[in-house]
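So you can see what is in the structure, the chains are spelled out below.
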Amino acid sequence: GNSVTQMEGPVTLSEEAFLTINCTYTATGYPSLFWYVQYPGEGLQLLLKATKADDKGSNKGFEATYRKETTSFHLEKGSVQVSDSAVYFCALYSGSGSARQLTFGSGTQLTVLP
Amino acid sequence: KAGVTQTPRYLIKTRGQQVTLSCSPISGHRSVSWYQQTPGQGLQFLFEYFSETQRNKGNFPGRFSGRQFSNSRSEMNVSTLELGDSALYLCASSLTGDGYGYTFGSGTRLTVV
């Protein structure tokens, strides 16, 4: 079945530091890949997505590139802010049969210190 | 436009009781999916409804059920509650349920005592 493995947390960075959160996946076919963010007490918000190999998703300074050869979708940001503190989830969607669902990684807690 | 609305936000129930959670999707969205979030298991897929039909189901016991109404609002029901059912229950709506545009609600925090 499909699965997503993401970098264990928690991750603590100073403001303006560079962020990388690793994500790799296992899936049949050609899944779509997503990063979601969850702030305390809230639901998930879509941060960015990529639907095919070599696509780059970007939003709010965050980027991730769909790498089929390494089955990866690592999240990066050049300069994090305190307001980026949240839990980040990597997810995939493979829309056929019983795989018609979002499969999530375990989440990575990010704390950015001023 | 209004987002996905889940009610209630918080709920405390006793073991053995049953509970019903509600999800109102974004207007025009026909797909509603439900997820359970716990610290130990993370985010797990419960089921998806599309145009009042259950289209997909995760690996949860039969105590977990759901339905969708003609206006696309969805409810999920958990019967004979167990302590392990304590979780944040999230619903997500989508225009077609193809994975490209899921919008999540803020969730219902269920505590079973």
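If you're wondering where the values come from, they're calculated on a predicted model, not measured in any experiment.

Tallying the contact residues gives 18 residues for chain B and 19 residues for chain A. For the chain B face of the interface with chain A, the top three residues by lost area are Leu43, Tyr100 and Phe104 of chain B, together amounting to 34%. In this assembly, chain B and chain A are joined by zero salt bridges. Seen at the junction of chain B and chain A, the total is three residue pairs in polar contact (both at pLDDT 80 or more). Secondary structure elements with two or more residues in the side of chain B that touches chain A: strand 4 (31-38), strand 5 (42-50), strand 6 (53-57) and strand 9 (87-94) of chain B.

Another aspect to go through is the sheet that holds strand 8 (residues 74-78) of chain B. To summarise the sheet geometry, strands pair through backbone hydrogen bonds and adopt either a parallel or an antiparallel arrangement. Residue and element names in this part refer to chain B. What the four strands build is an open sheet, ordered 1-3-8-7; its pairing is antiparallel. Since the sheet does not close on itself, it has two edges, and those belong to strand 1 (5-7) and strand 7 (64-68), each with one partner. Strand-to-strand twist across the sheet, computed as the mean angle between neighbouring axes with direction ignored, equals 15°. Judged from the five bridges that link them, strand 3 (residues 19-24) and strand 8 form a sheet pairing that is antiparallel. Pairing of Leu21 across the sheet is with Met76, part of strand 8.

Cut-offs applied
Residues numbered from 1 in each chain as written. Chains lettered and ligands numbered in written order. Predicted model: local features only at pLDDT ≥ 70, side-chain atom pairs only at ≥ 80, totals over all residues. Heavy atoms only, no water. Contact = heavy atoms within 4.5 Å. Buried area = accessible area lost by both parts, 1.4 Å probe. Salt bridge = Lys/Arg side-chain N within 4 Å of Asp/Glu carboxyl O. Polar contact = N/O pair within 3.5 Å; in protein donor to acceptor, adjacent residues only side chain to side chain. Helix = DSSP H or I, 4+ residues; strand = E, 2+ residues; numbered from the N terminus. Pairing = 2+ DSSP bridges. Axes fitted to C-alpha atoms, helices over the stretch in contact; angles between N-to-C directions.

Read these as spatial facts, not as claims about activity.
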